[in-house]
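Report on the structure
Next come the chains, spelled out residue by residue.
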Amino acid sequence: MASALFFTCLTCSMFLLTIPCYVANQKVTLSLYYDSLSTSCATFIVKNLAKIFDDDLITILNLRLVPWGDAYANKSNNSTAFCQHRPDGCKLSSLEACAINVMHDVNKHFALIYCIEFLAIEGRHKEWETCFSSLGLPKKPTLNCYNSSNATKLEQNYGNETMHLNPPLKFVPWLVLNDQPIGNDYENFAGYVCKAYKGNIVPMACQSVHLKQKTE
């Protein structure tokens, strides 16, 4: 009970509070291609990617989440997806795709995805519905999308995008920064983001990264 309370407080403070904005000339686009029930993806989202909301790195980022990963489409029926962790993996990918689609605020849809992936790490992904109530997010719009043909269309679009990456996806999580893959060094994505950012006002997160690089 205590751990659940801590998780709820943590996610609310990290994602749902107002984040001060920097006047960024050019935001950096960071795309994450991932499998919803992959342990490596869930761990990266919860322990690495979530940090961009804890510091101010999110202020210079256009974060794109693409829940498809290692899934592949049935060649005879493009509306059918086969997932590495099927059928739950496909279900959660569609659910997360719908959350991204109906919750335009990245703070909100990331908070929900974070919660689901947190549960996945603990082997409790079937409790995903609790994430809406714990975060105070409306469930109906996302479920309406999930239970409609729109969910299939969203996954088809994500699948098409993933399968046409150049260079192609080799593993998950797969991070692409301004159309260039980061590759095996994805856990150190913050340094790549800061290097790619060309805005006048440098966020504190990048100042600390630059300081660390100078001292190494």
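A few points on the structure. (Residues numbered from 1 in each chain as written. Predicted model: local features only at pLDDT ≥ 70, side-chain atom pairs only at ≥ 80, totals over all residues. Heavy atoms only, no water.)

A separate point is the state of the cysteines. Under the definition given, this model contains 3 disulfides. In this model Cys 115 forms its disulfide with Cys 131; the gap between the sulfur atoms is 2.1 Å. Here the disulfide of Cys 115 and Cys 131 is left-handed, its torsion about the S-S bond being about -85°. On the criterion of sequence distance, the pair formed by Cys 115 in helix α5 (residues 106-121) and Cys 131 in helix α6 (residues 130-135) is long-range, its members being 16 residues apart. An identical accessibility class is assigned to Cys 115 and Cys 131; each is buried. Sulfur-sulfur distance for the disulfide between Cys 194 and Cys 206 comes to 2.1 Å. Taking the sign of the S-S torsion, about -90° here, the bridge from Cys 194 to Cys 206 comes out left-handed. In this pair, Cys 194 sits in helix α9 (residues 189-196) while Cys 206 sits in helix α10 (residues 204-215), placing the two residues 12 residues apart along the sequence. (Disulfide = S-S within 2.5 Å. Helix = DSSP H or I, 4+ residues; strand = E, 2+ residues; numbered from the N terminus. Buried < 20%, exposed > 50% of the residue type's maximum accessible area, 1.4 Å probe, protein only.)

Here we come to unusual backbone geometry. That bond from Asn 166 to Pro 167 is cis: its omega, 5°, falls within 30 degrees of zero. Here Pro 167 lies in the loop between α8 (149-163) and β5 (174-177). The omega torsion of the bond from Val 172 to Pro 173 falls at 0°, within 30 degrees of zero and hence cis. By secondary structure assignment, the location of Pro 173 is in the loop between α8 and β5. We note that Asp 179 has phi near 75°; this positive angle belongs to a residue other than glycine. Its place among the elements puts Asp 179 in the loop between β5 and β6 (180-181).

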